[in-house]
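Listed below are the residues making up each chain.
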Number of protein chains: 2
Amino acid sequence: MQNFTFSNKTKIIFGQDTEKTVGQESVVFGKKLLLHYGGGSIKESGLYDTVIQSLKEQNIEIFELGGVKPNPRLSLVREGISLCKEQDIEFILAVGGGSVIDSAKAIAAGVNYDGDVWDFFTGKASVTDCLPIGVVVTIPAAGSESSTGTVITNEDGWYKRATGHLAMRPQFAVLNPVLTYTLPSYQTACGVTDMMAHILERYFTNVKNVELTDRLSEATLKTIINNAHKALEEPTNYDARAEIMWSGTIAHNDLLDTGRIGDWASHNIEHELSGIYDLAHGAGLAIIFPAWMKYVYKQDVNRFVQFANRVWDVEIDLNDLERTALAGIHKMEEFFQSIGMPTTLQEVDIDETHFKEMATKATERGPLGSFVKLSAEDIYEIYKLAR
Amino acid sequence: MQNFTFSNKTKIIFGQDTEKTVGQESVVFGKKLLLHYGGGSIKESGLYDTVIQSLKEQNIEIFELGGVKPNPRLSLVREGISLCKEQDIEFILAVGGGSVIDSAKAIAAGVNYDGDVWDFFTGKASVTDCLPIGVVVTIPAAGSESSTGTVITNEDGWYKRATGHLAMRPQFAVLNPVLTYTLPSYQTACGVTDMMAHILERYFTNVKNVELTDRLSEATLKTIINNAHKALEEPTNYDARAEIMWSGTIAHNDLLDTGRIGDWASHNIEHELSGIYDLAHGAGLAIIFPAWMKYVYKQDVNRFVQFANRVWDVEIDLNDLERTALAGIHKMEEFFQSIGMPTTLQEVDIDETHFKEMATKATERGPLGSFVKLSAEDIYEIYKLAR
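Residues numbered from 1 in each chain as written. Chains lettered and ligands numbered in written order. Predicted model: local features only at pLDDT ≥ 70, side-chain atom pairs only at ≥ 80, totals over all residues. Heavy atoms only, no water.

Q: Which parts of the structure should I look at to understand the UniProt feature "domain: Fe-containing alcohol dehydrogenase-like C-terminal" (unreviewed entry) in chain A?
A: Following the UniProt record, one finds the feature "domain: Fe-containing alcohol dehydrogenase-like C-terminal" (unreviewed entry) at residues 189-385 of chain A. Between the end C-alpha atoms of residues 189-385 of chain A the distance is 22 Å, and the span holds 65% helix and 0% strand. (UniProt positions renumbered as here; feature names shortened; annotations may be inferred. Helix = DSSP H or I, 4+ residues; strand = E, 2+ residues; numbered from the N terminus.)

Q: Just checking my understanding: could you explain the relation of the copies chain B and chain A for this structure?
A: Mapping between the two copies of the chain is achieved by a rotation about an axis and a shift along the axis. Placing chain B over chain A gives an RMSD of 0.0 Å and needs a rotation angle of 180°, together with 0.0 Å of translation along the axis. Interpreted geometrically, this transformation is the action of a two-fold axis. Take the interface residues of chain B: 100% of them recur as interface residues in chain A, which is what a same-surface contact looks like. (Least-squares fit on C-alpha atoms with pLDDT ≥ 70 in both. Contact = heavy atoms within 4.5 Å.)

Q: I tried to follow helix H8 (residues 211-233) of chain A on my own but got confused; where do I start?
A: The periodicity of an α-helix, 3.6 residues per turn, causes residues three or four positions apart to be oriented the same way. Residue and element names in this part refer to chain A. The terminal C-alpha atoms of H8, which comprises 23 residues, lie 34 Å apart, in line with the 33 Å expected from a rise of 1.5 Å per residue. Of all the bends in H8, the largest measures some 30° and sits at Asn-227. Among the 23 residues in H8, 18 count as buried, and that is most of the element. (Expected span 1.5 Å × (residues − 1). Bend = angle between axes of the 7 residues up to and from the residue. Buried < 20%, exposed > 50% of the residue type's maximum accessible area, 1.4 Å probe, protein only.)

Q: What should I look at first to understand the interface of chain B and chain A in this one?
A: In this complex, chain B contributes 39 residues to the contact, which on the side of chain A involves 39 residues. Summing both partners gives a buried area of about 3,300 Å² for chain B against chain A, and 58% of it is carried by carbon and sulfur. For chain B, the biggest contributors to the area lost against chain A are B:Met1, B:Leu212 and B:Trp246; these three give 20% of the whole. The interface formed by chain B and chain A holds zero salt bridges in total. Linking chain B to chain A there are 20 residue pairs in polar contact (both at pLDDT 80 or more). Mapped onto the side of chain B that touches chain A, the elements with two or more residues apiece are strand E1 (4-14), helix H8 (211-233) and helix H9 (238-250) of chain B. For the side of chain B that touches chain A, the residue count by class is 15 nonpolar, 16 polar and eight charged. One ladder, built from seven bridges, connects strand E1 (residues 4-14) of chain A with E1(B); its direction is antiparallel. (Buried area = accessible area lost by both parts, 1.4 Å probe. Salt bridge = Lys/Arg side-chain N within 4 Å of Asp/Glu carboxyl O. Polar contact = N/O pair within 3.5 Å; in protein donor to acceptor, adjacent residues only side chain to side chain. Nonpolar A, V, L, I, M, F, W, Y, C, P; charged D, E, K, R; others polar. Pairing = 2+ DSSP bridges.)

Q: I keep staring at the domain arrangement of chain A and nothing clicks. Help me out?
A: Many descriptions give the size of an interface as the accessible area lost when the pieces come together. Residue and element names in this part refer to chain A. Taken domain by domain, chain A consists of domain 1 (11-179) and domain 2 (183-385). Relative placement of domain 1 and domain 2: their C-alpha centres are 26 Å apart. Residue-level contacts link 32 residues of domain 1 with 28 residues of domain 2. Between domain 1 and domain 2 lies a buried interface of about 2,400 Å² when both sides are counted; carbon and sulfur atoms form 54% of it. Interface area lost by domain 1 to domain 2 is led by Pro-140, Lys-160 and Pro-177, which between them contribute 23%. At the surface where domain 1 touches domain 2, the tally comes to three salt bridges. Across the pair Glu-272 and Arg-161 runs a salt bridge, and its minimum N-O distance is 3.1 Å. Applying the counting criterion to the domain 1 and domain 2 interface returns ten residue pairs in polar contact (both at pLDDT 80 or more). Sorting the residues of the side of domain 1 that touches domain 2 by element identifies E1, helix H6 (119-122) and strand E7 (159-164) as the ones contributing at least two each. No other element matches the three residues that E7 contributes to the side of domain 1 that touches domain 2. (Domains from an automatic or database assignment.)

Q: Please explain helix H10 (residues 265-277) of chain A as it appears in this structure.
A: Residues and elements named next belong to chain A. With 13 residues, H10 extends 19 Å between its outermost C-alpha atoms, agreeing within 8% with the 18 Å of an ideal straight helix rising 1.5 Å per residue. Most of H10 sits out of view: ten of its 13 residues are buried. For H10, the full list of buried residues reads Ala-265, Ser-266, His-267, Ile-269, Glu-270, His-271, Glu-272, Leu-273, Ser-274 and Gly-275. In this structure, the buried residues of H10 make contact with strand E6 (149-154), E7, helix H7 (185-203), helix H11 (281-296), helix H14 (355-362) and helix H15 (376-385).

Q: Honestly, the pairing of E7(A) in this entry has me stumped. Any pointers?
A: The side chains of a regular strand alternate between the sheet's two faces. All names here are of chain A. The pairing of E6 with E7 spans six bridges and is antiparallel. Among the inter-strand pairings, Val-151 is bridged to a residue of E7, identified as Ala-162. Between the antiparallel neighbours E6 and E7 lie four residues, among them Gly-157 with a positive phi of about 105°.

Q: Just to check I follow, could you spell out the nonpolar core for this structure?
A: The biggest cluster of nonpolar side chains holds 233 residues, and the ones touching the most others in it are A:Trp292 and B:Trp292. Not counting residues within four places of it along the chain, the set of residues in contact with A:Trp292 comprises A:Phe204, A:Asp263, A:Ala265, A:Ser266, A:Phe304, A:Phe371, A:Leu374 and A:Ile382. (Core = buried A, V, L, I, M, F, W, Y, C linked by side-chain atoms within 4.5 Å.)

Q: Sorry, what's going on with the packing of aromatic side chains here?
A: The description of two aromatic rings rests on the distance between their centres and on the angle between their planes. By the definition in use, this model includes 48 aromatic pairs over all chains. With a centroid separation of 5.2 Å and an interplanar angle of 15°, the aromatic rings of B:Trp118 and B:Phe121 are classed as stacked. Across this residue pair, the class does not change: B:Trp118 and B:Phe121 are buried. Taken together through their ring pairs, the aromatic side chains of A:Tyr203, A:Phe204, A:Phe289, A:Trp292, A:Tyr297, A:Phe304, A:Phe307, A:Trp312, A:Phe335, A:Phe336 and A:Phe371 make up a single cluster. Over the ring of A:Tyr48 we find A:Lys43; its NZ or CZ atom is 4.7 Å from the centre of that ring. We note B:Arg303 situated over the ring of B:Tyr203; from NZ or CZ to the ring centre the distance is 5.1 Å. (Phe/Tyr/Trp six-rings, centres within 6.5 Å; stacked < 30°, edge-to-face > 60°. Lys NZ or Arg CZ within 6 Å of the ring centre and 35° of its normal.)

Q: Just checking my understanding: could you explain the packing of H7(A) against H8(A) for this structure?
A: All names here are of chain A. One can describe the packing of H7 onto H8 by two numbers: an axis separation of 10 Å at closest approach and a directional angle of 170°. The angle between the axes of H7 and H8 places the two elements in the roughly antiparallel class. Along its contact with H7, which presents Ser-185, Thr-188, Val-192, Met-195, Met-196, Ile-199, Leu-200 and Tyr-203, the element H8 presents Asp-214, Ser-217, Glu-218, Thr-220, Leu-221, Ile-224, Ile-225, Ala-228 and Leu-232. Residues of the contact of H7 with H8, tallied by class, amount to eleven nonpolar, four polar and two charged. (Axes fitted to C-alpha atoms, helices over the stretch in contact; angles between N-to-C directions. Parallel < 35°, antiparallel > 145°, perpendicular 65-115°, else oblique.)

Q: Looking at this model, I keep getting lost on unusual backbone geometry. Mind explaining?
A: Negative phi is the rule for most residues except glycine; trans is the rule for most peptide bonds. All names here are of chain A. The phi dihedral of Asn-71 falls on the positive side, at around 55°, and the residue is not glycine. Within the secondary structure, Asn-71 is located in the loop between strand E3 (61-65) and helix H4 (74-87). In this structure Asn-71 comes out as buried when scored by relative accessible area, which is 8%. A positive phi angle is found at Asp-254, which is not glycine, with a value near 85°. Owing to a relative accessible area of 18%, Asp-254 belongs among the buried residues under this scheme.

Structure follows, in structure tokens:
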């Protein structure tokens, strides 16, 4: 086990009707608030009205910025920063999924920075100071509600890049599983895949003796897997929705990182895909993760055997550990297919055209991954395996 | 799953040599510090010198209060409160195990209260304000390093009582597994039992559909069980010590509480024992928990079957679920015995003399427990079962 520090200040407010507390929770941080959201779905569902009412009850002055798109755009982030600076906004409330929260985080980081916010994503500058953020989650997936990171897409070149800082962790996150009842099946499945991927990125490590975090990770994966079909078959099953929602937070709140070094190659390989093709991040991960696993499993066959056995209930064949390892990967692919995810690029009509370009862009800042360090050539091979 | 709020601000600083950072971590909270500890063991081990040096490097003015005993006493807490008031102390650093930390928390809660600190333990008053606390943990057991609670013994009547408040959560906790190498086997085993008990108190709940926290709890229990013998057989096994230490924190940082209602009868039944007999809390739990389980398992046989199967690898006998449930309890008893814990009162020379009196005292504030509500008569029966 490696030395680590761990803290997570985000106050989780979980359960039915919790969105009604958002005014009380927000007012602690100031009276001038930016309400950030995506399209019209929160207006249709009535969530927008509930939030506005709760904020007004606390006499909070509300400035609005909607229009966040999936794979949130740098241009809107810049617009948000200008608005916050002009209006001396003290607090940002993000109501939506991971894209809205990520957009809010980037705005929050940029307000007290004199340069261009994109500097944080290219490594030119580091985040030091952040406006406080609160969150009402409508899509369990990204785990951004209590994470330190944000991923933004720069339309100028379609670069999708990540940055992070402890100060970016939201102050509170309101999670009401009922708000996810109306999610289309495809989005539910993308979310499930995304949260599983967050765990897998941490699970495949070269650090030995990380038993507690291994077992906590396996526990969270099994819970997600067990509840995914329930939620898809019965979208208003509160308990299934609740298990998935809480798992999505745990998957990415850094608990499952403690004592180990994560990989994160697959996320970066996927970012190139959804950066160029505007593919849903979860769907991209369902395609890339199995391919990555097939490319790297020989690095530590026993770890893949443990994964197959403990997560997918594959019996360990002591005479053929490799077969056991591959059976686990295969079970995962079958699971993704069973929830309606693509597991090949063909299924989403992506051909070889940009493979070389994406592999080169993905490694612009050096090789990817930690479990196995991947060069542009390796990534090219992984895209080919994903065909 | 029940609605819940969850936050845990404690910054965990985990790993080798981390105690050297205690000065930097403390100075943020003030320049006048109470150093609180137990007997001479931290002086013998050199930890005391390391801590003092780290504090002095930050020019922190140190006031000392040693002498905390197991089952920490109210009289010393009162002494600590007077000292803090007289010297305008800003921060308390507890160096030791759960008793030292609990004593520090009670002092911290009492400093800004005009009445008698015992009021918090009788329910006469509630904690509202607390001095900030930091912790260097030397005994992994109580989980007090990131919990909100404290347990103090009032020598006037030997009442052992608990209280808690979010403000009591330590600001930081330094955990270096190396510091636990010199723990005697008996104390290691008591610690293992205590942390397992913290999970079990939460595990046996009547709330349905709490799959994630069930699985996270089982994961933590399995990790503790797997590493206990390793640590006992090889006290300087870093990885085994590290797994146990981190598990002890997770067992009691409220994560495993989320969405459910804990029981806590066994802890209270045990407190009467160790209040009167000055028995180690862990040893008392190894005796009381199996007796409690045998008394209550019929409340939810299936939950005990799940426990037997997932934690103790007992095969489920679908024709006799009760047998499976009892086999799990039996396996737990065998495990406690294998690590040198007593599992009967006879082994620690406690006879029936005080059973009635303890059962009455335990229920002074009403029946105990939530999984099954226990009257004084029930508790008397549990003491008899524990003979």
